[in-house]
Amino acid sequence: GIILTKRLLHFVIYIYLCYRIIRNTFTLTELKPTTLSLMAINKINIELRRLQIFDRMSEETTAFAADLYIDGIKCGYAENQGHGGCTNYGPIQPFEKTKPLIAAAEAYCKSLPDIVYPASHGMEEFSMACTLEHTIDDIVEKAADAKENIKFEKAKNKKMLSAIIIGHPENAGQ
């Protein structure tokens, strides 16, 4: 017989559930509450590490390259050339371990609420289904905004040493 450790058992259940999610062959009522708490199926942690944003290459979209981590495991890459095209992502080797993680993240993102874009520049409000690509783009945009805010704060603090700055706190960073 095979002796399964608790961690290995959780991994086997996780892979099985990922397979069932991809095939759309299960419902949440089939899962026992203990399985749900062990697997934390309702939340998947998606991260981009070693994120490099290339401002000089960005034309229509943000150009970047990053490592894709799902639940703390490096399982792929994510990139955008910055020419207005889609964000690309994919698994890395060993594919038998990384493809199911990416498939689970894709299924998780599809289960999230639609993304609502407010009306602006003569366009009406519209919504789109959430995907892993949109989630990756959102992470990149938040990182780019944080980088820009840090740059602004440094310039502001440097300028405050030799000048008086007048403005409204709610308009800071604009």
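About the cut-offs
- Residues numbered from 1 in each chain as written.
- Predicted model: local features only at pLDDT ≥ 70, side-chain atom pairs only at ≥ 80, totals over all residues.
- Heavy atoms only, no water.
- Phe/Tyr/Trp six-rings, centres within 6.5 Å; stacked < 30°, edge-to-face > 60°.
- Buried < 20%, exposed > 50% of the residue type's maximum accessible area, 1.4 Å probe, protein only.
- Lys NZ or Arg CZ within 6 Å of the ring centre and 35° of its normal.
- Helix = DSSP H or I, 4+ residues; strand = E, 2+ residues; numbered from the N terminus.
- Expected span 1.5 Å × (residues − 1).
- Core = buried A, V, L, I, M, F, W, Y, C linked by side-chain atoms within 4.5 Å.
- Contact = heavy atoms within 4.5 Å.

Undergrad: Any chance you could break down the packing of aromatic side chains for me, citing the residues and the numbers?
TA: Any two aromatic rings considered together are summarised by their centre-to-centre distance and by the angle between their planes. For the coordinates displayed, the defined rule picks out one aromatic pair. A ring pair is formed by Y117 and F126, whose centres lie 5.0 Å apart and whose planes are at 20 degrees; its orientation type is stacked. Classification of Y117 as partly exposed rests on a relative accessible area of 30%. Positioned over the ring face of Y69 is R49, at 4.0 Å from the centre of the ring. Positioned above the aromatic ring of F95, the side-chain terminus of K99 is 5.6 Å from the ring centre.

Undergrad: Residues and numbers for helix α3 (residues 95–111), please.
TA: With 17 residues, α3 extends 24 Å between its outermost C-alpha atoms, agreeing within 8% with the 24 Å of an ideal straight helix rising 1.5 Å per residue. For α3, the full list of buried residues reads T98, P100, L101, I102, A103, A104, A105, Y108 and C109.

Undergrad: Give a detailed account of the nonpolar core, specifying residues and quantitative values.
TA: Judged by nonpolar contacts, the single largest core of 21 residues is most densely connected at I46, L48, F64, L68, I70, L132 and I136. Looking at this core, the elements that each hand over two or more residues are β1 (46–53), β2 (64–70), β3 (73–80), α3 and α4 (132–160). The greatest single-element share of this core, amounting to six residues, is contributed by α3. Sequence-distant contacts of L48, that is, excluding residues within four places in its chain, are made with A66, D67, L68, A78, I136, I139 and V140.

Undergrad: So what about the environment of D114? Which residues, and what values?
TA: Relative to the helices and strands, D114 resides in the loop between α3 and β5 (115–117). Separated by 15 residues in sequence, D114 and A129 have C-alpha atoms that sit 4.5 Å apart. Once residues lying within four places of it in the same chain are set aside, the contact partners of D114 are S127, M128, A129 and C130.

Undergrad: Describe α4, listing the residues and the values that go with them.
TA: Between its first and last C-alpha, α4 extends 42 Å over 29 residues, near the 42 Å set by a 1.5 Å rise per residue. Along α4, the residues classified as buried are L132, H134, T135, I136, V140 and A144.

Undergrad: Summarise unusual backbone geometry; cite the residues concerned and give the values.
TA: For the bond from Q93 to P94, the omega torsion is 0 degrees, close enough to zero to count as cis. Residue placement: P94 occurs in the loop between β4 (88–91) and α3. Here the phi dihedral of R50 falls at roughly 55 degrees; this positive angle occurs in a residue that is not glycine. The phi torsion at D71 lies on the positive side, around 50 degrees, for a residue other than glycine. Note that D71 resides in the loop between β2 and β3. Overall, D71 belongs to the partly exposed group, its relative accessible area being 34%.

So far we have only geometry, and geometry alone does not tell us how the molecule works.
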